[in-house]
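Report on the structure
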Amino acid sequence: MRFRRAEVSAKDDDTFVTDADHAAERILSARLRESWPKDGLVGEEGAAMSGDRTWFIDPIDGTHAFLEGLAHWGPTVGLVGQTASGDAEITLGATFFPRIDEFWFGARGGGAWRDGRRLPPLAEPVYDRRSVLFIPSRFHRWFESDHVGKCRSLGSTAAHLCLVAGGAAWAAFVPGGWGVWDVAGGLCLLEEVGGVARAFDGSSLDPLRDRGLPFLAGHPAAVERAIQSIRLRTP
């Protein structure tokens, strides 16, 4: 176990990576190759193999939260293929948070699940001071918002998307710079409960074509309102 004892180094993008990230990616890659040898895979820490479908792996989403001893961090994977028209299609997603022993799973057409309990469709959102909007910790460096409810950051994009799918938050804002491994698992769950992901121009997000673009995710009505409430900070 490397929790609280991980060796830390900095990557080229000035984010942290630990020996636990590398170890988890090796384990996940080996298991996926063993189970689906014809599939491709891409890992955040460098694992790569080509195939008709691709598993995107983030061995520890929320590395900072992991290092700080917080609750929401862990491996997340998403299986992504393409439709006949060339659009990305997420067919499976899974995320596990070891610190709280919580497992999220979604399969295209098969529903979304939290610890073995199927998630219901997202309810029509109520917009008031109790409405939770998940944001990144550095949100206010670049953005501002008129959101009247609560803004929260757990340190994990995957956790934000899973919890929105579970009805615990109104919507999640994901800033630019994300990788497909960060979002594929959570987006699969969201789609299965009637949620959407939208770029700021209102268009549907394609995680392959639009990788790295800021987006909002949640119930369609919540996303539409959230897009209107967030804007870049003016100098």
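Calculation rules
Residues numbered from 1 in each chain as written. Predicted model: local features only at pLDDT ≥ 70, side-chain atom pairs only at ≥ 80, totals over all residues. Heavy atoms only, no water. Helix = DSSP H or I, 4+ residues; strand = E, 2+ residues; numbered from the N terminus. Rg over C-alpha atoms; globule rule 2.2 N^0.38 Å. Buried < 20%, exposed > 50% of the residue type's maximum accessible area, 1.4 Å probe, protein only. Contact = heavy atoms within 4.5 Å. Areas by Shrake-Rupley, 256 points an atom, 1.4 Å probe, with all protein chains shown as cover. Salt bridge = Lys/Arg side-chain N within 4 Å of Asp/Glu carboxyl O. Core = buried A, V, L, I, M, F, W, Y, C linked by side-chain atoms within 4.5 Å.

1. Details of the overall build of the protein
Within the protein, the secondary structure is distributed over six helices and 17 strands. For 235 residues, the compact-globule formula gives about 18 Å, and the C-alpha radius of gyration of the protein, at 17 Å, lands near that figure. Taken over the C-alpha atoms alone, the protein extends approximately 45 × 40 × 35 Å along its principal axes. Put simply, the protein has 235 residues, and 46% of those count as buried. Excluding contacts between residues fewer than 6 apart, the proportion of contacts in the protein whose partners are at least 24 apart in sequence is 54%. Carbon and sulfur atoms form 51% of the exposed surface of the protein, whose accessible area is close to 12100 Å².

2. What to know about the pattern of salt bridges
On inspection of all chains with the given rule, the structure shows 10 salt bridges. Glu102 is the salt-bridge partner of Arg114, the closest N and O atoms lying 3.0 Å from each other. Placement of the pair is Arg114 in strand β9 (residues 111-114) and Glu102 in strand β8 (residues 102-107), with a sequence separation of 12 residues. Residue classification places Glu102 among the buried positions, given a relative accessible area of 10%. With a closest N to O distance of 3.2 Å, Arg231 and Glu144 form a salt bridge. Within this pair, whereas Arg231 is found in strand β17 (residues 230-232), its partner Glu144 is found in strand β12 (residues 143-145), the two being separated by 87 residues in sequence. Here Arg231 falls in the partly exposed class, since its relative accessible area comes to 35%. Members of the salt-bridge network, linked through shared partners, are Asp87, Asp206, Arg209 and Asp210.

3. Focus on the environment of Ala112
Within the secondary structure layout, Ala112 lies in strand β9. The buried category is assigned to Ala112, whose relative accessible area is 1%. Counting along the chain gives 76 residues from Ala112 to Cys188, while the straight-line C-alpha distance between them is 8.0 Å. For Ala112, the residues in contact, after removing those within four places along its chain, are Phe105, Gly106, Arg117, Arg118, Leu119, Leu189, Glu192 and Val193.

4. A few points about the environment of Pro125
Residue position: Pro125 is located in the loop between β10 (117-118) and β11 (132-134). Separated by 93 residues in sequence, Pro125 and Gly218 place their C-alpha atoms 9.4 Å apart. Among residues more than four places away in sequence, those in contact with Pro125 are Trp170, His219, Ala221 and Ala222.

5. Some remarks on the nonpolar core
Leu161, Leu187, Leu190 and Phe215 are the most contacted members of the largest nonpolar core, which totals 33 residues. Counting only elements with at least two residues in this core, the list comes to β7 (88-97), β11, α4 (157-165), β14 (171-174), α5 (180-192) and β16 (215-218). Of the residues forming this core, the biggest block, seven residues, is contributed by α5. In terms of nonpolar packing, the next biggest core, distinct from the first, is built from 14 residues, Leu133, Ala171, Phe173 and Ala222 among them.

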